[in-house]
Structure formats: C-alpha cells, structure tokens
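# Results of the structural survey
Read off the chains here:
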Amino acid sequence: MIEHNRPWITPEDRSAVDAVLASNWVAQGPMVKHLEDAFVALRQGGAACAVSSGTAALGLALRSMKLGPGSAVAVPTYSCSALLNAVTWVGADVQVVDVLPSNFGIDPAGLDETIDAVVVVHVFGSPADTEKCREIVPFVVEDCCQSLGGEVNNRPLGTIGLASVYSFYATKIVCGGQGGMVCSCNEAVVDAVRDFRQFDGRATYEPRFNFQMTDIQAALVLSQMNRLAEIKRRRQLIAQRYRSILPSDFSCQGGLVNEESMPQRFVLIAPDQGIRDALQAFMEQQGVRCIVPVQRFELLHRYLGMDPARFPVAERLSETTLSLPLYPSLGEEELDHICEAFRVFCA
Ligand SMILES: *Cc1c(COP(=O)(O)O)cnc(C)c1O
C-alpha cells in the first residue's frame, strides 16, 4: 500500500536527534532556540517562539493580540478543527466564513468591519489573499501550518499578517512528531507568547501553561529545515506530474504548481461525488491510499450546526475533492504506479 502520508527522515535527521539524546539536554533548550533563529532567518526578520503544536501556536497568537470574550474572530469553514479550538480556547466569538473555489482559502467577501481578527489559512500550500483580508480586518493571523517554505512575489508566506503560525505534526512540510511556531514582525506579540510558555521559576504568579517543545523535536525539525529547498523541489515535481495527467473533466486546486509555492497536498476536483468516491475506491484497490482532505462533517459550520446553504463552496469541495499521495519520500516507481492507476480509472 502506498500511504497517503509518509515522513521523510534521513540518516542526518537521526544523527541530529542522537546528538540531542547524547547531550543529556532533552527538554526545551539550545536546539529550540536554534529552531527559532532558523525561522527568523527564513522570514528575514521579526521574532519566533516555538511551542508544542500548531493549535497551541494559533491559540497563543490570538491570546497575545488580546482577543478574548467579546472579540469576533473569523475563520474559514474549510480548514481544520484546530481553528475552532483555538478561538474557543481564548473565549472569542467565532465567525465562520465560506472559501473560494480557486485556492480553497477564506473568501474576503465574507469579512466585514465587525470582525476583530481573522485566521487566514494557506490551504495545502496555496496562498490565500492575505492582503485583501488585512484591508478589512485589523488583526490577521496567517496559518502556515500547510505552507512552510512557500513564497509569493519573492516574499515568504506568512509575512503579511500580524502573526503567523506553523505546525510540525507528522503530515506537515517538516515533521517533528508534534510541535509548532509563532512568528511575528511585532516583538510584543512573540514576547507575550514566550511569557505564557515560560511557566516555571517566575517571580510572580500568573496563569501560564506548559506549551513547550523539546530539543528532541527541535533537532528533528531543524535538520529537515536544512533541506527545505529540496523538499520544495520534490513536492513541486510530484504536483506538476499529477497536474499533467488530469483529464479535461477533472480540475485541481489553484495556486500550487508554480516555482514559489510549497504544495502540501495535491487535491483534485472530480466532476461529481460519485466519480470521486469511485476513484478513491479504485485507487485503494490498486494499493494507493487517497483521502478526502476535508470531509463534510469536518466543515466548521457543520460542527456548529449552521445552515449548510450559507457555505456552498466548502460543501461542494467536501463532495468532489480527493488528495493523492504527495511527499518527498515518494519513490519514482510509486509515482509511476499512482499515475498509471489514475490513467486506467479515467480510460
Ligand atoms: C495541522 C494544522 C493545524 C494544527 O496543528 P497541530 O500541530 O496539529 O496542532 C492548524 N491549522 C492548519 C491549517 C493545520 O493544517
């Protein structure tokens, strides 16, 4: 079976983790600091604070902007439950917004001046229209959990909003098992995150929480960050290949197959749900695991019991999309096999 996700862990990655284990300093320490420095370098400035997950990063980014009870935070319905969890954690009111069929990102037309903050997700690596959102909403958090290493107009994704967040979960661009990062050009935002994370040994008490990353995770992530360019090249090649074999009645998410983007997933759009489901079953028979990237029940408006008719684009995407295996450790023969199976299905 060709899995849908597979981490790419090299002997160098293992050595990096081994070195941490041998150093006897395994909790948050010097490697976490190195990883934060690597993010500042990648983003060409600002500050960074490593945390335990992408969800923690999102919650802390919102908290550090003093968003809480009484604030309205907009999130795209087509994303993941982590967004809802983070907004709920800070106690703000959630405003669920439909997405665009082109890049699957939040539809800026769904935002208005009553909204205090918006979480903009660059879905599966495809850049969302952050500029447009920033014109409407005062606080913008860019969710780069699926787009680390992507750029737009020669500028790293995640440098337009007030803060941006990253995840190092197993299926993301680089994998630490778990882990997250908050970055901002505004030092005060990152300072507030760091203050909350440093719960131990403080002179005065305030509620804080252990959202720390370990040096073991940081070493694993940092080692993969060293080959971000190669990760991008390989992901691009696979995405290009899939796009080149799409028959005319299929389409795919836009904004991914170009030199700047970091494709996290290749998501095709079938003519209808029946064909999508048949394709998924056929690929499974051929030993290729494809997934529905966001199921209908996972749409945030569904979790909240809102009227589905208000979210037609996300509803349609949940019915027609399918994600093919896309990761740098996918072998050439595996890629050939996937493409051949798809070709046979379409014939
Ligand atoms: C994975 C992900 C998160 C949450 O990250 P975790 O590290 O799993 O908590 C948040 N937003 C998006 C868009 C993600 O893909």
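Our subject in this report is the structure included herewith. Bear in mind that the values here come from a model prediction, so they are computed numbers and not experimental data.

### What to know about the packing of aromatic side chains
Summed over all chains, the structure comprises twelve aromatic pairs. Note on tyrosine 78 and phenylalanine 124: the rings are 6.3 Å apart at their centroids and 80° apart in plane angle, and the pair reads as edge-to-face. Of the two residues, tyrosine 78 sits in the loop between β2 (72-76) and α4 (81-90) while phenylalanine 124 sits in the loop between β4 (117-121) and α5 (130-136), which places them 46 residues apart along the sequence. Across the pair, exposure class does not vary: tyrosine 78 and phenylalanine 124 are buried alike. Their ring planes at 85° and their centres at 6.4 Å tell us that phenylalanine 104 and phenylalanine 124 sit as a pair that is edge-to-face. Taken together, the residues phenylalanine 104 in the loop between β3 (93-97) and β4 and phenylalanine 124 in the loop between β4 and α5 connect sequence positions 20 residues apart. The exposure classification of phenylalanine 104 matches that of phenylalanine 124, with both residues buried. An aromatic cluster of three or more residues is present, and its members are Trp89, Phe196, Phe209 and Phe211. Its guanidinium or amino end placed over the ring of tryptophan 8, arginine 227 lies 4.3 Å from that ring's centre, counting from NZ or CZ.

### A short note on a nonpolar patch on the surface
The grouping of Phe297, Tyr303 and Leu304 at the surface amounts to a nonpolar patch, some 320 Å² of accessible area in total. Tracing the backbone shows phenylalanine 297 in the loop between α9 (273-285) and α10 (300-303).

### Digging into the sheet that holds strand β8 (residues 163-167)
As summarised here, the arrangement of the seven strands in space is β1-β9-β8-β5-β4-β2-β3, forming an open sheet in which the pairing is mixed. Here the strands that pair on one side only, and so sit at the sheet edges, are β1 (47-51) and β3. Sheet twist, expressed as the average angle between the axes of neighbouring strands with direction ignored, equals 20°. Here strand β5 (residues 139-143) runs beside β8; their pairing, made up of three bridges, is parallel. Pairing of aspartate 143 across the sheet is with valine 165, part of β8. Helix-sheet contacts for α4 involve β2, β3, β4 and β5, and the interaxial angle to β2 is about 175°.

### Quick word on the site of the ligand
By nearness alone, 14 residues border the ligand, and Gly54, Thr55, Asp143, Ser167 and Lys172 come closest of all. Here an oxygen atom of the ligand and a side-chain polar atom of threonine 55 are 2.5 Å apart. One nitrogen or oxygen atom from the side chain of lysine 172 is found 2.7 Å from an oxygen atom belonging to the ligand. Taking 380 Å² as the accessible area of the ligand by itself, protein coverage stands at 89%. The cavity where the ligand resides is the largest pocket.

### Focus: empty space enclosed by the protein
All told, the structure shown has one cavity of 30 Å³ or more when counted by the stated rule. Roughly 180 Å³ of volume is contained in the largest cavity. Forming the walls of the largest cavity are 22 residues, and the residues nearest its centre are Arg6, Lys172, Arg235, Tyr327 and Pro328. Secondary-structure elements contributing two or more residues to the lining of the largest cavity are α8 (228-244) and β12 (321-324). Of the residues contributing to the lining of the largest cavity, the split by class is eleven nonpolar, six polar and five charged.

### A word on the pattern of salt bridges
By the definition in use, this model includes 20 salt bridges. Put simply, aspartate 13 and arginine 227 hold a salt bridge, and the shortest N to O gap is 2.8 Å. Here aspartate 13, found in helix α1 (residues 11-23), pairs with arginine 227, found in the loop between α7 (215-225) and α8; they are 214 residues apart in sequence, far enough to count as distant. Like aspartate 13, the residue arginine 227 is buried in the burial classification. Glutamate 340 is the salt-bridge partner of arginine 343, the closest N and O atoms lying 2.8 Å from each other. One end of the pair is arginine 343 and the other is glutamate 340, both in helix α12 (residues 332-346) and three residues apart, which spans about a single turn. Taking relative accessible area as the criterion, arginine 343 reaches 49% and is therefore assigned partly exposed.

### Quick notes on the layout of surface pockets
Of the volumes computed, that of the largest pocket is approximately 510 Å³. Taken together, the elements giving at least two residues each to the lining of the largest pocket come down to α3 (54-64) and α4. Each residue belonging to the lining of the largest pocket can be placed in one class, and the counts come to 13 nonpolar, twelve polar and four charged.

### Quick word on the sheet that holds β12
Taken together, three strands build an open sheet; the order of strands is β10-β11-β12 and the sheet is antiparallel. Whereas interior strands pair on both sides, the edge strands pair on one side only; in this sheet they are β10 (251-252) and β12.

### Things to note about the pairing of β1
For β1, the tally of buried residues reaches five of five residues, placing the bulk of the element in the interior. A two-sided burial pattern is seen for β1, the buried positions comprising Ala47, Cys49 and Val51 on one face and Ala48 and Ala50 on the other. Sheet topology places β1 next to strand β9 (residues 180-184); five bridges connect them, and they run antiparallel. Looking across to β9, one finds that valine 51 is bridged to glycine 180.

Cut-offs used in this document
- Residues numbered from 1 in each chain as written.
- Predicted model: local features only at pLDDT ≥ 70, side-chain atom pairs only at ≥ 80, totals over all residues.
- Heavy atoms only, no water.
- Phe/Tyr/Trp six-rings, centres within 6.5 Å; stacked < 30°, edge-to-face > 60°.
- Helix = DSSP H or I, 4+ residues; strand = E, 2+ residues; numbered from the N terminus.
- Buried < 20%, exposed > 50% of the residue type's maximum accessible area, 1.4 Å probe, protein only.
- Lys NZ or Arg CZ within 6 Å of the ring centre and 35° of its normal.
- Patch = residues over 30% accessible without salt bridge, like charges linked within 9 Å, V, L, I, M, F, W, Y side chains within 5 Å.
- Areas by Shrake-Rupley, 256 points an atom, 1.4 Å probe, with all protein chains shown as cover.
- Salt bridge = Lys/Arg side-chain N within 4 Å of Asp/Glu carboxyl O.
- Pairing = 2+ DSSP bridges.
- Axes fitted to C-alpha atoms, helices over the stretch in contact; angles between N-to-C directions.
- Contact = heavy atoms within 4.5 Å.
- Near = heavy atom within 4 Å.
- Polar contact = N/O pair within 3.5 Å; in protein donor to acceptor, adjacent residues only side chain to side chain.
- 1 Å grid on protein atoms, 1.4 Å probe; cavity = no way out; pocket = protein on both sides within 12 Å on 5 of 7 lines; lining within 4 Å.
- Sits in = over half its atoms within 2 Å of the grid points.
- Points joined across faces, edges and corners; volume = space filled by probe spheres on them.
- Nonpolar A, V, L, I, M, F, W, Y, C, P; charged D, E, K, R; others polar.

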